[in-house]
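Here are the chains, one letter per residue:
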Amino acid sequence: INILMIMSIIYYIVIRRVVIYPLAKLLNFANNVAVLGKSEKFVPTKISEFDSVGKDLEIMLGRLHELNETLEQRVEEEIKKRTQEEKMLLHQSRLAAMGEMIENIAHQWRQPLNALTMLIQTFEVKMIKGGIDEDFVHKQVSEGVRIANSMSKTIDDFRNFYKKDKIFRFFYLK
């Protein structure tokens, strides 16, 4: 009976060190993680409680595995979303640049258009006064062509400003 009692004590000590202490540490860790939603810690004392903890750990591991599997998919979706937003911002930026270019062209054309209008009106005034001669017509036509060429150059300057393959050069806006 002495040997049997000693063997039981040794068996109890070994099981306690090898099984119960590691399980208690694992359970303490699980309680600290608080994934199970339990508001207070408990220390299992029966085998059925250890089974419950084991099942809870399996659930936690399943959730963790599921999150890891979907993580890559969620990252890819977020990257696609960000890329699409960047493309939209780039498109809006280009539209804004085009709007600015059109506004600048309109600004540069106001004075030449006014000059053309004045030039055309001088024909009517000269006709009323009876002073239209060949020299006047040539002078006015030359001035009109010069203004039209200047307006055309303005468009070319702005168009070339936005080209990618361009040679940089200075130009003056009149």
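From a predicted model like this one, the values you see are computed outputs, not experimental measurements. (Residues numbered from 1 in each chain as written. Predicted model: local features only at pLDDT ≥ 70, side-chain atom pairs only at ≥ 80, totals over all residues. Heavy atoms only, no water.)

K.L.:
A description of the overall build of the protein should follow, citing residues and the corresponding values.
P.N.:
On a plain count of helices and strands, the protein comes out with three helices and zero strands. Listed N to C, the secondary structure of the protein is α-α-α in terms of helices and strands. In the protein, which comprises 174 residues, the proportion classed as buried is 13%. Taking all contacts inside the protein whose residues are at least 6 apart in sequence as the whole, residues at least 24 apart take part in 52%. In the form shown here, the protein has an accessible surface area of approximately 15,200 Å², with 63% of it arising from carbon and sulfur atoms. (Helix = DSSP H or I, 4+ residues; strand = E, 2+ residues; numbered from the N terminus. Buried < 20%, exposed > 50% of the residue type's maximum accessible area, 1.4 Å probe, protein only. Contact = heavy atoms within 4.5 Å. Areas by Shrake-Rupley, 256 points an atom, 1.4 Å probe, with all protein chains shown as cover.)

K.L.:
Quick rundown of the packing of aromatic side chains? Include the residues and the values.
P.N.:
Enumeration according to the criterion identifies one aromatic pair in this entry. Each ring, one from Phe-123 and one from Phe-136, has its centre 5.5 Å from the other, and the planes form 70°; the classification is edge-to-face. Note that Phe-123 is positioned in helix α2 (residues 47-129) and Phe-136 in helix α3 (residues 134-161), a separation of 13 residues in sequence. Of the residues examined, Phe-123 reaches a relative accessible area of 24% and is grouped as partly exposed. On the basis of relative accessible area, Phe-136 is assigned to the buried category, the value being 13%. Across the ring face of Phe-136, the terminal group of Lys-126 is positioned such that the distance to the ring centre comes to 5.1 Å. (Phe/Tyr/Trp six-rings, centres within 6.5 Å; stacked < 30°, edge-to-face > 60°. Lys NZ or Arg CZ within 6 Å of the ring centre and 35° of its normal.)

K.L.:
So, the pattern of salt bridges: which residues are in play, and what are the values?
P.N.:
Within this structure, the stated rule accounts for three salt bridges. Arg-82 serves as the salt-bridge partner of Glu-78, at 2.8 Å between the closest nitrogen and oxygen. Within this pair, Glu-78 and its partner Arg-82 are both found in helix α2, separated by four residues, close to a single helical turn. Residue classification places Arg-82 among the partly exposed positions, given a relative accessible area of 44%. Ionic pairing is found between Arg-146 and Glu-143, a salt bridge with its closest N-O pair at 2.7 Å. (Salt bridge = Lys/Arg side-chain N within 4 Å of Asp/Glu carboxyl O.)

K.L.:
Explain the side chain of Gln-108 to me, and be specific about the residues and the numbers.
P.N.:
Secondary-structure assignment places Gln-108 in helix α2. Overall, Gln-108 belongs to the buried group, its relative accessible area being 14%. Residues in contact with Gln-108, not counting those within four places in the same chain, are Thr-154, Phe-158, Leu-173 and Lys-174.

K.L.:
Residues and numbers for the confidence of the model for the protein, please.
P.N.:
Confidence along the protein averages 77 in pLDDT terms, with 77% of residues attaining 70 or more. Within the protein, helix α1 (residues 2-33) has the poorest average pLDDT of any element, 71, and α3 the best, 85. (pLDDT = per-residue confidence, 0-100.)

K.L.:
I'd like a rundown of the side chain of Thr-154, residues and numbers included.
P.N.:
Mapping Thr-154 onto the fold places it in helix α3. Setting aside chain neighbours within four positions, we find Thr-154 in contact with Gln-108 and Trp-109.

K.L.:
Explain the environment of Met-151 residue by residue, including any values.
P.N.:
Mapped onto the fold, Met-151 is located in helix α3. When sequence neighbours within four positions are dropped, the list of residues in contact with Met-151 reads Trp-109, Pro-112, Leu-113 and Leu-116.

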